[in-house]
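# A closer look at the structure
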Amino acid sequence: MARSTPKDFGFTLDEMESKTLPVAGRVTVHPAPGFAVGASGEIRPETITVRGPRATLQGMSSVFTEARELVDVRSDITLSLALDSAGLYGIEFDPDVVTFRTEVTAVRERSFDHVPVALFNAPDGPLELTPSEITLIISGPETEINQLDAGQISVSANFRKRDSFGMIPLQVSLPSRLKLVNISDSLTLARVTRPESP
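Notes on the structure in this doc start here. Keep in mind that what you see is a predicted model, and the values were worked out from it rather than measured.

Parameters and conventions
- Residues numbered from 1 in each chain as written.
- Predicted model: local features only at pLDDT ≥ 70, side-chain atom pairs only at ≥ 80, totals over all residues.
- Heavy atoms only, no water.
- Helix = DSSP H or I, 4+ residues; strand = E, 2+ residues; numbered from the N terminus.
- Buried < 20%, exposed > 50% of the residue type's maximum accessible area, 1.4 Å probe, protein only.
- Areas by Shrake-Rupley, 256 points an atom, 1.4 Å probe, with all protein chains shown as cover.
- Pairing = 2+ DSSP bridges.
- Axes fitted to C-alpha atoms, helices over the stretch in contact; angles between N-to-C directions.
- Core = buried A, V, L, I, M, F, W, Y, C linked by side-chain atoms within 4.5 Å.
- Contact = heavy atoms within 4.5 Å.

## Re the overall build of the protein chain
A tally of helices and strands in the protein chain yields two helices and 16 strands. Out of the 198 residues in the protein chain, the part that is buried amounts to 28%. Put simply, the protein chain shows about 13,100 Å² of open surface, and 48% of that area lies on carbon and sulfur atoms.

Right, dumping it as structure tokens:
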């Protein structure tokens, strides 16, 4: 009878440690037509305690939730999400489940009349802009549209970008989650008026 020979086995020992890491969500929300998602998803708790081998923890800067994709969403969302430990041998999370919340609201359009055009890099001397005021239609989440003030809207023209006819494209600046739907004029005419000869 053949005698079996001992086999060598290699083991890597590492100290167990713990650290606090932020949680990053992997939730994709597709709102239904006529709806918009809130500014950002909220995760609670924002940080968790991670325990495991020192070498593994040293390579971790954050913890990810499980991936979820939601479509045709028409109302606010609250989800319980597990944390993703794929490829992380010996890692434990405390807690191992977090809560994701985000707001989904109806989209509304709103019109703003007589918004003045600001002219930059203009030469010295009197200038005439035609038009000097425009009308905008802006859309976005209902709560943000309701709170929008005309002072948060900027319409500008850069004199250096005028074409051979004196026309300048208009630039509209809005809060990040709002969208320009329509503008009454996309160009303005900058005319330099000369003083009349005596």
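## Things to note about the sheet that holds strand β1 (residues 16-31)
Spatially, four strands are ordered β5-β1-β4-β7 in an open sheet, and the strand pairing comes out mixed. At either end of the open sheet lies a strand with only one pairing partner, and these are β5 (63-73) and β7 (92-94). Across this sheet, the average inter-strand angle for adjacent strands is 30°, counted without regard to direction. Sheet topology note: the β1/β5 ladder contains eight bridges and is parallel.

## Brief notes about the nonpolar core
Residues Ile 48, Val 50 and Val 63 are the most contacted members of the largest nonpolar core, which totals 21 residues. Here this core gets four residues from one element, more than from any other, and that element is β1. Ignoring any residue separated from it by four or fewer positions in sequence, one finds Val 50 in contact with Glu 17, Ser 18, Lys 19, Leu 21, Leu 57, Met 60, Val 63, Ile 91, Glu 92 and Phe 93. Ranked by size, the runner-up nonpolar core spans 18 residues in total, among them Leu 136, Ile 138, Leu 174 and Leu 178.

## Re the sheet that holds strand β6 (residues 77-82)
If you trace the three strands from one edge of the open sheet to the other, you get β3-β8-β6, paired in antiparallel fashion. Each edge of the open sheet carries a strand with a single partner, namely β3 (42-44) and β6. On average, adjacent strands in this sheet sit at an angle of 25° to one another, irrespective of strand direction. Sheet topology places β6 next to strand β8 (residues 97-102); six bridges connect them, and they run antiparallel. Looking at β8, one finds that Leu 81 is bridged to Val 98.

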